[in-house]
Amino acid sequence: MTDDTTGFATRAVHAARNQGAASSRATPIYLTAGFEFDDFDHAANHFGTGAGFGYTRTGNPTIHAVERQLAALESGADAVLVASGQAAVVTALLTVAGAGDHIVSSTHIYEGTRGLLLDNLARLGIDATFIDDIGDPEAWRQAIRPNTRALFAESIANARNDILDIAAVSAVADDAAIPLIVDNTLATPFLVRPLEHGAAIVVHSASKFLAGHGSVLGGVIVDDGRFDAEKAGHNAPHLVLPGRGGLPSVASRHGGKARIAYARESVAPRFGASPSPLNAFLIGQGAETLGLRVERQSRNALEVARWLAAQDAVESVDYVGLETHPDHALAQKYLHGGHGSIFTFTLRGGLDAARDFVESVDVFTHMTHIGDVRSLVLHPGTTSHAHRTQEERDLLGVRPGTLRLSIGIEDVADLISDLTRVLEPAREAVA
Ligand SMILES: Cc1ncc(COP(=O)(O)O)c(C=O)c1O
């Protein structure tokens, strides 16, 4: 293609073309906008059937490799990787709901998801009802309307560490022939795989534990592949009716994988939150060590939570790994290998003590992120939950002295010595 007769500019863009295939053991990073077609018919076939790779927004081998990996970790049938956790939630919800539809959601969810439902999806004509007592299946059942298209909750919720009774809420969803969508970001598939307990769809902010190192954003939607057109078709006309121009329905082309196929073919590429292949690689590489990290982080978190619970300066610790947590028994049923590493605790000294704490820690990093190998701290009352009323914050377990910790993989002795140094003056003030 290029030799010394071709011009400099031509050589610059063509000389590296078509390197011979090598068997890279690590996932190769296909950092390309698109893929060369073999011939005329290959292009037509790709556009006609979606087979193979044409353009990275609709498919890329690096991204696909990571999708297979994350689907396998969540015991799912298929997965779609997107650019952020927020994009994963949007994609999942727009895969099941449209204008005139309704979602029932737990109150105890990430504030960005709540804002999405209240501000953005509401403007598109998708209503939401929020359930406070998520442990009561009847509360979920009673909120379901004829136009409800999904139930939504988090497996472990911030800030109170509420645990979702996945099997009980899945049964309610099943009776209504709608999916339960579970945001499994805080738990990770190492601790619980919601699809094994009856949930239909799992979403993640892959920016957190899956990638693990706080260097990239990403999100994933994993589906159980058990869409039942006969039973649930009336709740998903966009999956069972022919498409525009008489295209056979998604369900007739993809069977049980209709939901995730629709997310892949229509929602994710059209709304356009495609991940970079480089970020996909980093998520896939991170996910390889997920179990090691989450096991260690959970162990560290339990030790830190126990230590905090024994301090006079600390009023309460909302960690589900502690026997005193109201959902501890439920956690024993669902979580295996640890109880996660994100939790809140409340200082008796209120806002002033919380301010001193975040400004004094050294090993802990003060930032709005979770699931990192590094330990992190944030004051939710003045950051993520600042726009809520104090009454709402109280309901969510966010008080003036409440701090959120995300425990990392450091040596736990160093975490505790950082906390000891910081809480020493607070202890003296309380005494
Ligand atoms: C539980 C949960 N879901 C979704 C998101 C959104 O993810 P991202 O920040 O990757 O868009 C977050 C972010 O903090 C989260 O904590």
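Numbering of residues starts from 1 in every chain and runs along the sequence as written. With the structure being a predicted model, the display of local features is reserved for residues of pLDDT at least 70 and the display and counting of side-chain atom pairs for 80 or more, all residues being used for whole-chain, interface and lining totals. Computation of side-chain values: all heavy atoms of the structure, hydrogens and water removed.

**Regarding the overall build of the protein chain**
Move 1: Within the protein chain, the secondary structure is distributed over 18 helices and 14 strands.
Move 2: Taken over C-alpha atoms, the radius of gyration is set against a globule rule of 2.2 Å times the number of residues to the power 0.38. Scaling as 2.2 N^0.38, a compact globule of 431 residues should have a C-alpha radius of gyration of about 22 Å, and the protein chain matches this with 24 Å.
Move 3: Seen through its C-alpha atoms, the protein chain measures out along the principal axes to roughly 80 × 60 × 35 Å.
Move 4: By residue count, 52% of the 431 residues in the protein chain fall in the buried class.
Move 5: Taking the intrachain contacts of the protein chain between residues at least 6 apart in sequence as the baseline, contacts between residues at least 24 apart amount to 71%.
Move 6: Exposure was quantified through the Shrake-Rupley algorithm and a 1.4 Å probe, taking into account, for residues, occlusion by the shown protein chains and nothing else. Surface accessibility of the protein chain: about 19200 Å² in total, with carbon and sulfur atoms responsible for 53%. Numbering goes from the N terminus for both helices and strands, where a helix is a DSSP run of H or I of at least four residues and a strand is a run of E of at least two. Three labels apply to residues, based on accessible area from a 1.4 Å probe with only protein chains included: buried if under 20% of the type maximum, exposed if over 50%, partly exposed otherwise in between. Only heavy atoms matter for contacts: two residues are in contact if any of them lie within 4.5 Å across the pair.

**Describing the packing of helix 4 (residues 85–96) against helix 5 (residues 111–123)**
Move 1: With axes taken as lines fitted to C-alpha atoms, and helix axes fitted only over the stretch in contact, angles between N-to-C directions fall between 0 and 180 degrees. With their axes 10 Å apart at the nearest point, helix 4 and helix 5 run at an angle of 50° to one another. In terms of axis orientation, helix 4 runs oblique to helix 5. With respect to the hand of their crossing, helix 4 and helix 5 are arranged in right-handed fashion. Between helix 4, through Q86, V89, V90, L93 and L94, and helix 5, the contact on the second element is made entirely by G112, T113, L116, L117 and L121.
Move 2: Of the residues belonging to the contact of helix 4 with helix 5, the class tally is 7 nonpolar, 3 polar and no charged. Throughout, the term roughly parallel applies to angles under 35 degrees, roughly antiparallel to angles over 145, roughly perpendicular to angles from 65 to 115, and oblique to all others. Here a crossing is called left-handed whenever its near helix is offset anticlockwise from the far helix by less than a right angle, and right-handed whenever the offset is clockwise. Under this grouping Gly is polar, as are all residues other than the nonpolar Ala, Val, Leu, Ile, Met, Phe, Trp, Tyr, Cys and Pro and the charged Asp, Glu, Lys and Arg.

**Points about the site of the ligand**
Move 1: The near set for a molecule or strand comprises every residue that places at least one heavy atom within 4 Å of it. Neighbouring residues of the ligand: 13 residues in total, closest G85, Q86, D183, S205 and S207.
Move 2: Polar contacts, as used here, are pairs of N or O atoms within 3.5 Å; protein pairs need one atom able to donate a hydrogen and one able to accept it. Residues neighboring in sequence count only if both atoms are side-chain atoms. Between the ligand and G85, the relevant distance is 2.8 Å, taken from an oxygen atom to a main-chain nitrogen or oxygen of the residue.
Move 3: S207 places a side-chain nitrogen or oxygen 2.5 Å from an oxygen atom of the ligand.
Move 4: Contact with the protein chains hides 87% of the accessible area of the ligand, taken as 390 Å² for the molecule alone.
Move 5: Of the residues assigned to the shell around the ligand, the class counts are 3 nonpolar, 7 polar and 3 charged.

**A closer look at the sheet that holds strand 10 (residues 314–318)**
Note: strands within a sheet are paired through backbone hydrogen bonds, in either parallel or antiparallel orientation.
Move 1: Whether two strands pair depends on DSSP finding at least two bridges between them. Pairing in this open sheet of 5 strands is mixed, and the strands run 10-11-14-13-12 from one edge to the other. If you trace the sheet from one side to the other, it starts and ends with strand 10 and strand 12 (365–366), each paired once.
Move 2: Sheet topology note: the strand 10/strand 11 (residues 342–347) ladder contains 4 bridges and is antiparallel. Counted as the bridge partner of D318 is T344 from strand 11.
Move 3: Along the sheet face, helix 14 (residues 290–309) touches strand 10, strand 11 and strand 14 (402–406) and points at about 10° away from the line of strand 11.
Move 4: Contacting strand 11, strand 12, strand 13 (376–378) and strand 14, helix 16 (residues 350–360) runs over the sheet at an angle of about 125° to strand 11.

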